[in-house]
Amino acid sequence: MTEPTADQIPPFGLRGICDCHAHVYQPASQFPFWPGRHYTPADAPIEQLFAIHRALGVERTVIVHPSPYGTDNASLLWLLKTIGANARGVAVIDEHTTHDALTAMHRAGVRGTRLNLETRGQRDPDFAREQILRTVDQTAHLNWHVQLFVNLSVIAALHDTIMALPCTVVFDHFGRLNAAAGLQQPGLDALISLVRAGKTYVKLSAPYRVSDLPDYADVAPFAHALIGANPDRMLWGSDWPNSFPPAGTVRKPEVPEPFRPENNLAAIRRLAGWAQSAEIARKILVDNPARLYDF
């Protein structure tokens, strides 16, 4: 395998690079937020995301419906229509979402649904299992994947349940591991087992959610371990516009939060370093997303 050269980073000379995890927040006058939200983001309109993707050579986008909208997917559907054929979506649903609504979402480009348990502080494996099984049954006719934002303790507790699911599972943000805890931390073996079996994808995204170091250097061993377990099950996402407050922040829904000042160019170059070869970079940035999201 050949190493990517300096003039290929980015965009690696690749066509079809996909950002597998981005959010968009149009003005609230266009799409109001859910009253039960845990935080209120500042505006992050689609024009800004277009500009960032042009600079990075990103041609495909997966819009992940963010929690401040609850289960109202109107903004997601508008974004999919606005972006067009190079966009796919991950919706947020509940038990009240109808069969017809799900079918319409699929036609619009939705290919999965997300359970965002970690943001809500919900770490009960029994609750997570119940929600996963209900969601899988509800979307079985669409062959969607289930995207989970949970931590390693939940992943470990649900290992066998996930292995038995009839659908694919995607874990957000490195499975919410703790980079400072090292490779022997509880639960990491369960995540790697699921990856090695080809049952789950992992998004190598938002290292600031798992590391406290300014350059995220302690994340590299985990990226190498996950890629080594199964490079065909790795994805990359920017997590733009990077809604993640500093440690100790008390989130107040009545106060709009600023976003983290993340360097997107550094993020995609970091991915190239983790990949360690042009072939694996292509898998993570192009081939794996095309397969999972039906591009």
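Because the structure is predicted, anything quoted here is derived from the model rather than measured.

Reading the values: rules and limits
Residues numbered from 1 in each chain as written. Predicted model: local features only at pLDDT ≥ 70, side-chain atom pairs only at ≥ 80, totals over all residues. Heavy atoms only, no water. Buried < 20%, exposed > 50% of the residue type's maximum accessible area, 1.4 Å probe, protein only. Helix = DSSP H or I, 4+ residues; strand = E, 2+ residues; numbered from the N terminus. Contact = heavy atoms within 4.5 Å. Pairing = 2+ DSSP bridges. Axes fitted to C-alpha atoms, helices over the stretch in contact; angles between N-to-C directions. Parallel < 35°, antiparallel > 145°, perpendicular 65-115°, else oblique. Left-handed = near helix turned anticlockwise from the far one by under 90°. Nonpolar A, V, L, I, M, F, W, Y, C, P; charged D, E, K, R; others polar. Salt bridge = Lys/Arg side-chain N within 4 Å of Asp/Glu carboxyl O.

A. Expanded view of helix H7 (residues 188-196). Here H7 has its buried residues at Leu-188, Ala-190, Leu-191, Ile-192, Leu-194 and Val-195. Residues of H7 that are buried in the fold lie against helix H5 (152-157), helix H6 (159-164), strand E7 (169-171), strand E8 (200-205), helix H8 (220-229) and strand E9 (234-237). Following H7 by one or two positions, Gly-198 has its phi on the positive side, about 75°.

B. Quick look at the sheet that holds E7. Spatial ordering of the open sheet is given by E1-E3-E4-E5-E6-E7-E8-E9, a layout of eight strands whose pairing is parallel. Lying at the two open borders of the sheet, with one neighbouring strand each, are strand E1 (18-22) and E9. The average angle at which neighbouring strand axes cross in this sheet is 25°, direction not considered. Both E1 and strand E3 (residues 60-64) contribute to a ladder of three bridges, which runs parallel. Of the residues in E3, the one forming a bridge with Asp-19 is Thr-61. Of the strands in this sheet, E1, E3, strand E4 (87-91), strand E5 (110-115), strand E6 (145-148), E7, E8 and E9 touch helix H10 (residues 278-293), which is tilted by about 105° from E9.

C. The arrangement of the packing of H8 against helix H9 (residues 264-275) in detail. At a minimum axis distance of 9 Å, the contact between H8 and H9 shows a crossing angle of 55°. In terms of orientation, H8 and H9 fall into the oblique class. At the point where H8 passes H9, the crossing takes the right-handed sense. Packed against H8, whose contacting residues are Ala-220, Ala-223, His-224 and Ile-227, the element H9 presents Gly-273, Trp-274 and Ala-275 at the interface. Grouping the constituent residues of the contact of H8 with H9 by class yields five nonpolar, two polar and no charged.

D. Broad picture of the pattern of salt bridges. Scanning all chains against the criterion turns up nine salt bridges. With its nearest N and O atoms 3.3 Å apart, the salt bridge here joins Arg-111 to Asp-294. Pair noted here: Arg-111 is in strand E5 and Asp-294 is in the segment after H10, with a separation of 183 residues, a long-range link. Arg-111 gets classed as buried once you look at its relative accessible area, which sits at 14%. Assessed through its relative accessible area of 44%, Asp-294 is described here as partly exposed. A salt bridge links Asp-232 to Lys-283, with the nearest nitrogen and oxygen atoms 2.7 Å apart. Residue Asp-232 is located in the loop between H8 and E9, and its partner Lys-283 is located in helix H10; the two are separated by 51 residues in the primary sequence. Here Asp-232 falls in the partly exposed class, since its relative accessible area comes to 27%.

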